[in-house]
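# Coordinates in review
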Amino acid sequence: MKLWSILGNSQRLDGGAMFGNVPRATWSKWIAPDEQHRIPLACRALLASPLNGRTVLFETGIGAFFDPKLRERYGVVEESHVLLDSLAAAGFSHGQVDAVVLSHLHFDHAGGLLAAWREGEAARLLFPNARYFVGEDAWARARQPHPRDRASFIPELAGLLEASGRLEIVRGDSHPYFGETVRFHRSEGHTPGLMLSEIRGRDDHGGLVFCADLIPGRPWVHLPVTMGYDRYPELLIEEKRDFLADKLERNVHLFFTHDTGCALARVTRDDKGRYGTDHEVAELHARTLAA
């Protein structure tokens, strides 16, 4: 099995929203804001092939489905569908992807499922030969969002996924489609049923886990750091503590979706119990799990 980090469209979002109650004087040292107080964010997917004999894409980023007005509002940088270009650079087309695994259905993680916006054209799904895997609680939230996060979902997407006939709802910590290769972890602090996919290493050690919005990037590894978008920040901190302790013990590396400079890193903990990272890797290109 080989692994690729696949960049999608990038964003610029308000730094205060991305760092919750962390003061600007602190977070601006980690990521410099622009004149509108926004910070740069990647929307990075993970491609694994062959995984249990299939080509599997973990997430799709924000994509290019927004019309120009909404693209400006949500800080999407590029007009073209960058994910498709990145897949092509890795030697794949979206038609060759057998499965797309989604941690949740917020637009910056699932928008890449849709074709780029065109004047007068209805939204349509890409990945015509793929099954779409979504956790049960994340699916329920997308179908009936709360007023607090309704704007984070794409209104047409749930109907399109259902109509495809290829939607798979994941209810446990595994799915027969992936065999023993993928384990699913759940988190509730950011959004109900956030599904974190771990590609398992030998003897359950040395794999990697797609951190999604539990840990968007390296600054959020620090336990007290949460986002303003998180549903239950205190719960998220507790989940993150247990999550990082487990990954440190089993030497499972962290894959970041929103970190512009780092795709993969190893968990560390110092003598004061503070978590961090080392062995940071900017991108993966046909990398083996153990490399």
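Scroll up a little and you will see the structure.
These lines cover the structure that appears in this document, whether it is placed above or below. (Residues numbered from 1 in each chain as written. Predicted model: local features only at pLDDT ≥ 70, side-chain atom pairs only at ≥ 80, totals over all residues. Heavy atoms only, no water.)

Take the packing of aromatic side chains next. Centre distance and the angle of the planes are the two values used to describe a pair of aromatic rings. All told, the structure shown has 13 aromatic pairs when counted by the stated rule. With centroids separated by 5.3 Å and ring planes inclined at 35°, the aromatic side chains of F210 and F255 adopt a geometry described as tilted. You can see F210 sitting in strand β11 (residues 208–210) and its partner F255 sitting in strand β12 (residues 253–255), a full 45 residues away along the chain. The buried category is assigned to F210, whose relative accessible area is 3%. What makes F255 buried here is its relative accessible area of 0%. One residue, R54, lies across the ring of Y177, its end atom 3.9 Å from the ring centre. Seen from the ring of F243, K247 lies directly overhead, with NZ or CZ sitting 4.0 Å from the centre. (Phe/Tyr/Trp six-rings, centres within 6.5 Å; stacked < 30°, edge-to-face > 60°. Helix = DSSP H or I, 4+ residues; strand = E, 2+ residues; numbered from the N terminus. Buried < 20%, exposed > 50% of the residue type's maximum accessible area, 1.4 Å probe, protein only. Lys NZ or Arg CZ within 6 Å of the ring centre and 35° of its normal.)

A few words now on the environment of F127. Looking at the secondary structure, you find F127 in the loop between α5 (107–110) and β7 (131–135). Distance in space between the C-alpha atoms of F127 and R183 is 23 Å, their sequence separation being 56 residues. With sequence-adjacent residues up to four places away left out, F127 is seen in contact with L57, T60, L83, L87, H94, V97, V100, G112, L113, Y132 and R166. (Contact = heavy atoms within 4.5 Å.)

Right, let's talk about the sheet that holds strand β1 (residues 2–7) for a bit. What the seven strands build is an open sheet, ordered β8-β7-β6-β5-β4-β1-β15; its pairing is mixed. Looking at the sheet topology across the chains shown, the edges are occupied by β8 (167–170) and β15 (287–288). In this structure, strand β5 (residues 54–58) lies alongside strand β6 (residues 99–102), joined through three bridges in parallel fashion. In the strand pairing of β6, V56 is matched with A99. (Pairing = 2+ DSSP bridges.)

This part covers the sheet that holds β11. A sheet is described by the order of its strands in space; here six strands give the open sequence β9-β10-β11-β12-β13-β14, paired in mixed fashion. The open sheet is flanked by β9 (182–187) and β14 (275–281), the only strands paired with a single partner. The sheet shows a mean angle of 30° between the axes of neighbouring strands, taken without regard to direction. As paired elements, β12 and strand β13 (residues 264–269) share two bridges and run antiparallel to each other. Residue F255 lies in a different strand from β13, and its bridge partner there is L264. Helix α8 (residues 233–249) contacts β9, β10 (194–199), β11, β12, β13 and β14 of the sheet and is inclined by roughly 100° relative to β13. (Axes fitted to C-alpha atoms, helices over the stretch in contact; angles between N-to-C directions.)

Further remarks concern the pairing of β9. The element β9 is extensively covered by neighbouring structure, given that five of its six residues are classed as buried. Pairing of β9 with β10 involves six bridges; the strand directions are antiparallel. Across the sheet, the residue bridging to F184 is S197, located in β10. From the end of β9 to the start of β10, which pair antiparallel, there are six residues, and G193 there has a positive phi angle of about 70°.

So, about helix α6 (residues 136–143). Every α-helix carries 3.6 residues per turn, so stepping three or four residues along brings you back to the same face. Looking at α6, one finds that the buried residues are A138, W139, R141 and A142. All buried residues of α6 project into a common sector of 160° when viewed along the axis, lining one side. Buried positions along α6 lie against β7, α7 (157–164) and β8. (Arc of directions from axis to C-beta.)

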